[in-house]
Every structure is written in C-alpha cells, then in structure tokens.
Amino acid sequence: MKKKKLLGAVMASALLVSSLASCSGEVNYTADMAEYAYEDKAPSICEVYKDYFQVGSAINPRDLEEGTDRFNIINKQFNVFTLENDTKPETIHPSEDVYNFDSTDQLVEFGEKYDKTVRGHTLVWHSQCPDWFFYDDEGNQVTADVLVERMKEHITTIVSRYKGKIDTWDVCNEVVDDSYGLRLSNWLKIIGDYDGDGDNYDYIQIAFETAHEADPDARLIINDYSLEVNSNKTITMYNMLKQLLEEGVPIDGVGIQMHIDYETDVERMRDNIQLLAKLREIDPDFVIEVTELDLSCFTSYDNSTEKEITEEFTEQFDAKYCEVLNLLMDLSDEGILDTVVFWGYDDGSSWLNDFPVEGRTNYPLLIDRDLKFKSAYWDLMNLPRQREEEASAQE
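Residues numbered from 1 in each chain as written. Predicted model: local features only at pLDDT ≥ 70, side-chain atom pairs only at ≥ 80, totals over all residues. Heavy atoms only, no water.

Our next topic: the confidence of the model for the chain. Per-residue confidence for the chain gives a mean pLDDT of 93, with 93% of residues at or over 70. Segment residues 1-26 is flagged for pLDDT under 50; beyond a separation of four residues in sequence, or across chains, it makes 51 contacts in the model. (pLDDT = per-residue confidence, 0-100. Contact = heavy atoms within 4.5 Å.)

Before going further, it helps to examine the layout of surface pockets. Taken as a whole, the largest pocket holds about 850 Å³ of empty space. Lining the largest pocket are 35 residues, and of these His 259, Trp 351, Leu 352, Phe 355 and Pro 356 sit closest to its centre. Those elements that provide at least two residues to the lining of the largest pocket are β3 (117-125), β7 (259-261) and β8 (287-296). Split into classes, the residues belonging to the lining of the largest pocket amount to twelve nonpolar, 13 polar and ten charged. What the second largest pocket holds in volume is close to 160 Å³. As for the second largest pocket, its lining consists of twelve residues, of which Glu 47, Val 48, Asp 51, Pro 384 and Glu 388 are closest to the centre. Looking at the lining of the second largest pocket, the elements with two or more residues in it are α2 (45-48) and α12 (375-394). Residue contributions to the lining of the second largest pocket peak at four residues, all from α12. (1 Å grid on protein atoms, 1.4 Å probe; cavity = no way out; pocket = protein on both sides within 12 Å on 5 of 7 lines; lining within 4 Å. Points joined across faces, edges and corners; volume = space filled by probe spheres on them. Helix = DSSP H or I, 4+ residues; strand = E, 2+ residues; numbered from the N terminus. Nonpolar A, V, L, I, M, F, W, Y, C, P; charged D, E, K, R; others polar.)

Per the counting criterion, the structure on display carries 21 salt bridges. Residue Lys 372 is joined to Glu 35 by a salt bridge in which the shortest nitrogen-to-oxygen separation is 3.1 Å. With a gap of 337 residues between them, Lys 372 in the loop between β9 (337-342) and α12 and Glu 35 in the loop between α1 (9-21) and α2 connect regions that are remote in the sequence. By relative accessible area, Lys 372 is classed as partly exposed at 23%. Among the ionic pairs, Glu 323 bridges to Lys 320, the shortest N-O distance being 3.4 Å. With Glu 323 and Lys 320 both in helix α11 (residues 311-333), this residue pair falls three residues apart, about one helical turn. Residue Glu 323 is classed as buried on the basis of its relative accessible area of 18%. (Salt bridge = Lys/Arg side-chain N within 4 Å of Asp/Glu carboxyl O. Buried < 20%, exposed > 50% of the residue type's maximum accessible area, 1.4 Å probe, protein only.)

Right, here's the structure in full:
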C-alpha cells in the first residue's frame, strides 16, 4: 500500500462534517460510468481508497470462476479476500483425519495470480466447529489435554500449509461475551485455566502461539462483533488483550466485524475503536482491521421481514455509509487501520437475508441483486476526493 496521507485530528473532525454535507454533491464518479458492476468500464473502489486502506470482500468459491460476471466484479473492486465459510473448522476439518483444502487452495491460487491479499477465517470459533474436537468416539467430553492437542494440530496443519501465502489469520473468533467476560464456549469450559495462573485466557494464548510458530510472518488477528457499539464488550476485549500483549502473546491486532445498521452511532464507534487503539501503547505495531462490514436496513429491535426502500431511506442509508467511511479514513490517517473488508459484495448473496429473522430480505451492500451499482457506491467513490479538496481548502 502507498504511504498514507496524514491529517491532523482537528482537520479530520472538520472534514467529517463537510464531507457529509457534500456526499451527494458534484462528483467525479457518476452512475453514468457503469450500470452493472461487472462492466469493463466500471471504476474500482479499492483503487480509489488505496492511499487509506485495502478494500476487500468475503467471497465464495463460485466467485473465483474466471470469465464470469462475479469474477470480474471481485477482481476489479477488491484487493483483499477471505472465504465466507470454506476455511471455517466444520468445512476445512470436518473430522479428525479429514481436511478439505480445495476451496482455500483455490483462493490462495487466485491471490498469488492476481497479487491479492488473502485472509484466513477462522481457526478457532465456538460456531461452525464440529463436535469431534470436544468429544471422543463414545460421546464423552475430552480432557483439556486432548482438546489442546487437537487445537494445536488443527492450527499447525492449516497455517503451515499456507505459510507465506495467507497473509492474515483470524486466529480466534468471537471469544468475548456480549455482557461481560469470555464467551462460555466449549473451548473455554474444557481448557479453562490450563496453566493454573488464575486467568482463563489460556486457549486463546495457546492458539496464537501455535499459529505464530507455524507462520511467524503472518498477521494474527482476534476477531469479534459489536466491538464498535458495545462498550462493555470493548472494555473486556481491551483488558484481555492488554494482559496478553504484556505477557508477550503474539497478537498483531483486533478485527472489528462491524455489522452495523443505518442508525448506528458513529461517534460511539469512534470512541470504542480509540480505546482499542490504546493497545498501541504496548505494541506500537498493533493494528485494527474492519473485517466484516455491512450496513443492515433493519435495526436490532426491528423484527420485520421487508423494508420499503424509499428515496428518503436511500439517502439515510447512503449518508450512514459515508459517515462510516469517513471515520475509517480518519483512523487510517492516524495510522490505526489499514484494511476494510465487506462481508460480501452484493445484496442477493448477503448472510443478512433470512437472518436473524427468517424470511427477511435485506439490502446491506453496495451492489444490488442484479449486480448493479447502488447509489451508495457512487457516494463512497467520491469521498476521498472530497476529503482531499477540504484538506486543501484548510491549508
């Protein structure tokens, strides 16, 4: 990535207001350039943001079929990729003696051929993890020693296979409880305070140390949701990481999933992320990544299945995306963030359809179900230029 442009904190705050005001104003990029995202003449969002951060997407194996419309979209729009499901434990390691590497191999080959950054998601998770990790052949829960060895073998086998090929790993995913402390997962319940030192972070420490041993040059991330809005969860994560970093555990950064909605409080997001950024006082190279960005058209307290996409709502939706990307550029200017990954790229493929409400249709991304660019895409394409113009005006 090219060297980031630096803006002062005061200037960044002023730019947030002024850029939002001009988000729908006169622009360099317009919908006249390309209707469909797969057109050859379509611009590239990762190119527009290259001075701030990489822009990526979660994808699926079908997206990697060369010559298809979907391949053309991902190859032009993004420069960092992760598989949505195929590197998760239940898919890549469904039984103790069976590994399924095909999809991850395919992603790695794509990354090498087209000079893309590749993320591995995820090594240790409470969900989408097969029961064989936690139970023996008779259905009895295994001991802590057995589970630790199974976890280490799982991590070592996968990370070693992709040493020097997968740039970043989400080593542990969603370990923090929504209210307080760690999630009471099978990993925590069985391994617990493994070394007897009085804390129960042990399986996390072992996972990161094992991954680092398998590939010392890979970036190792601890990934979780709601860190940007749930302050209790953010504090728990900060306190845990502070202790682990002070003990020398090789954790390179925290991944903020950032599954948000059109009413999310961006200033709270800023405050929570700034707390996590204080971990740079321990490790100056500690990073924050946005790993699963999408913007739901439904709030957390809305259980409806359909949303009327009016012109007024579209303006609100687009403005929220602008506000969020302005925040992320602020964080880039401060040297905190260098990667932003969307969780998918088109509305029709989003995991937010049918979840968390069955039968729901959602519209959380920048490309619609027909693979046409949405207005939010064009607004985001113009933010960096508008930001630079405002910076020049302040000089």
